[in-house]
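# Residue-level structure breakdown
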Amino acid sequence: MGTDGARALLERAGTLTLQTGNLLNWGCLRKKCPATPGEEVRDCIQKTLTEWSSKVGQDLNQEILEVLECTVAQAVEKINPEERDELKVSAKLFIVGSNSSSIRDAVDLACSALGVAQLDSVIIAPPPVEDGTSFSLEYLQPYWHELENLVQNNKIVAIGTSDLDKTLLEQLYLWAQVKPSSNQVNLASCCVMPPDLTAFAKQFDIQLLTHNDPKELLCEASFQEVLQESIQDTKADEWIPLWLLRYSVIVKSRGIIKSKGYIMQAKRNSF
């Protein structure tokens, strides 16, 4: 049944939640290194969808769900509570087609998937601004406010930003109740850290990190294409990705990655 069963479930669902599990458990991904972060995301989503759809339908009493969970069971790996203090759980959250209200959903799902009560650090990448709109403090505020709530509720320890210049980072720092602990800088846009940004970060103890993520790690068209390739004849153009979270679990004392993966959510637009 496989793909037919998956297609039937997709057509009845309104929300799709996808979890890759620990990519270090995926033999096929270990053998080849994707050239870019965008290629890795596409690869992981496609393999998860393909693997999941091949298993669907073996249970004849398959329940029709409004929220469909798509996972590869053998790759799912929760953290052993006895090891929790030795590990740092970090995430970067890319908001794609939703507003700030989805941040809580993403953090809750990540905690549940990893079997932890809180994440040690979350960096936010708000959706790219539309033409004619400037990337400003006002644009960032609702996302940051939602992160602050999660810090106050002990779901996150530290929160950080991505791609802010010195002016915007300073504006955020002065306005925010919970101050940014880090700011990621894309080395494609600047080979050397701007001196004014470095000086400000040093003065206020903000860690400057580097990344090589594109402005849009997963766009709507790319997700729909992967969905169509993985589950043929599905109405892929009805599905809109809401957010994508990339997590890593690092052994503090040794600095090695114990686990990494992606969690994402998409919704189906009813035409």
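Residues numbered from 1 in each chain as written. Predicted model: local features only at pLDDT ≥ 70, side-chain atom pairs only at ≥ 80, totals over all residues. Heavy atoms only, no water.

## Concerning the confidence of the model for the chain
In low-pLDDT segments, the atomic positions of the prediction should not be examined closely. Note the following rule: Known as pLDDT, the predictor's confidence for each residue is given on a scale from 0 to 100. A run of DSSP states H or I qualifies as a helix once it reaches four residues; a run of E qualifies as a strand once it reaches two. Both are numbered from the N-terminal end.
Mean pLDDT over the chain stands at 87; residues scoring 70 or higher make up 90%. Considering each helix and strand of the chain separately, the mean pLDDT is smallest for helix H2 (residues 27–31), with a value of 53, and largest for strand E5 (residues 156–162), with 97.

## Some remarks on the packing of aromatic side chains
The relation between two aromatic rings is expressed through the spacing of the ring centres and the mutual angle of the planes. This is how the line gets drawn: Planes of paired rings set the category: under 30 degrees apart is stacked, over 60 is edge-to-face and the rest tilted, where pairs are Phe, Tyr or Trp rings (Trp by its six-membered ring) whose centres lie within 6.5 Å. Any residue under 20% of the maximum accessible area for its type is buried, any over 50% is exposed, and the rest in between are partly exposed; the area is computed with a 1.4 Å probe on protein chains only.
Per the counting criterion, the structure on display carries five aromatic pairs. With centroids separated by 6.1 Å and ring planes inclined at 50°, the aromatic side chains of Tyr139 and Tyr143 adopt a geometry described as tilted. On the criterion of helical spacing, the pair formed by Tyr139 and Tyr143 is a turn pair, its members being four residues apart in helix H5 (residues 137–152). Neither Tyr139 nor Tyr143 differs from the other in exposure class; each is buried. Consider the rings of Tyr173 and Phe200, whose centres lie 6.0 Å apart with planes at 90°: the pair is edge-to-face. Taken as a pair, Tyr173 in helix H6 (residues 166–175) and Phe200 in helix H7 (residues 195–203) lie far apart in primary sequence, 27 residues in all.

## Points about the pairing of strand E1 (residues 15–19)
Here is the rule: At least two bridges found by DSSP between two strands is the condition for calling them paired.
Across the five residues that make up E1, a large majority, five, are buried. Across the two faces of E1 the burial is the same, with Thr15, Thr17 and Gln19 and Leu16 and Leu18 all buried. With five bridges joining them, E1 and strand E2 (residues 67–71) adopt parallel strand pairing. Each bridged residue has a counterpart across the sheet, and for Gln19 the counterpart in E2 is Thr71. The pairing of E1 with strand E9 (residues 256–268) spans five bridges and is antiparallel. By the bridge assignment for E9, Leu16 is matched with Ala266.

## Concerning H6
The criterion, for reference: It is the directions from the helix axis to the C-beta atoms whose arc is reported. Should any heavy atoms of two residues lie within 4.5 Å, those residues are counted as being in contact.
Inspection of H6 places Leu168, Leu169, Leu172 and Tyr173 among the buried residues, and these make up the whole buried set. All buried residues of H6 fall inside an arc of 135° around its axis, so they share one side. Buried residues along H6 sit against H5, E5, strand E6 (182–186) and H7.

## Focus: the state of the cysteines
Going by this rule: In plain terms, two cysteine sulfur atoms within 2.5 Å form what is called a disulfide here.
Evaluated as defined, the whole model comprises zero disulfides. As a non-bridged cysteine, Cys219 has Cys44 as the owner of its nearest cysteine sulfur, 16 Å distant. Note on Cys219: relative accessible area 27%, which makes it partly exposed.

## Quick look at the pairing of strand E3 (residues 87–95)
Here E3 lies mainly inside the structure; eight of its nine residues are buried. Bridge count for E3 against strand E8 (residues 239–251) is nine bridges, and the pairing is antiparallel. Looking at E8, one finds that Val89 is bridged to Val249. For E3 and strand E4 (residues 119–125), the ladder comprises five bridges, and the chain directions are parallel.

## Quick look at the sheet that holds E9
Condition: For helices, the fitted axis covers only the stretch in contact; all axes are lines through C-alpha atoms, and the angles between them, taken along N-to-C directions, range from 0 to 180 degrees.
Spatially, the nine strands line up as an open sheet ordered E2-E1-E9-E8-E3-E4-E5-E6-E7, and their pairing is mixed. With partners counted over all chains shown, the strands left at the sheet margins are E2 and strand E7 (207–211), one partner each. When the angles between neighbouring strand axes are averaged without regard to direction, this sheet yields 20°. Helix-sheet contacts for helix H4 (residues 102–114) involve E1, E3, E4, E5, E8 and E9, and the interaxial angle to E8 is about 45°.

## So, the nonpolar core
Filter applied, for reference: The nonpolar core is taken to be a set of buried Ala, Val, Leu, Ile, Met, Phe, Trp, Tyr and Cys residues, with the residues joined through side-chain atoms within 4.5 Å.
The biggest cluster of nonpolar side chains holds 46 residues, and the ones touching the most others in it are Leu93, Ile103, Leu119 and Trp243. When contributions to this core are tallied by element, the ones reaching two or more residues are E3, H4, E4, H5, E5, H6, H7 and E8. Among the elements that line this core, the one with the most residues is H4, at eight residues. When residues no more than four places from it in sequence are discounted, the contact partners of Ile103 are Leu93, Ile95, Ile124, Tyr143, Glu146, Leu147 and Leu150. Counting 32 residues, the second-largest nonpolar core is a separate cluster that includes Ala13, Ala75, Ile231 and Met264.

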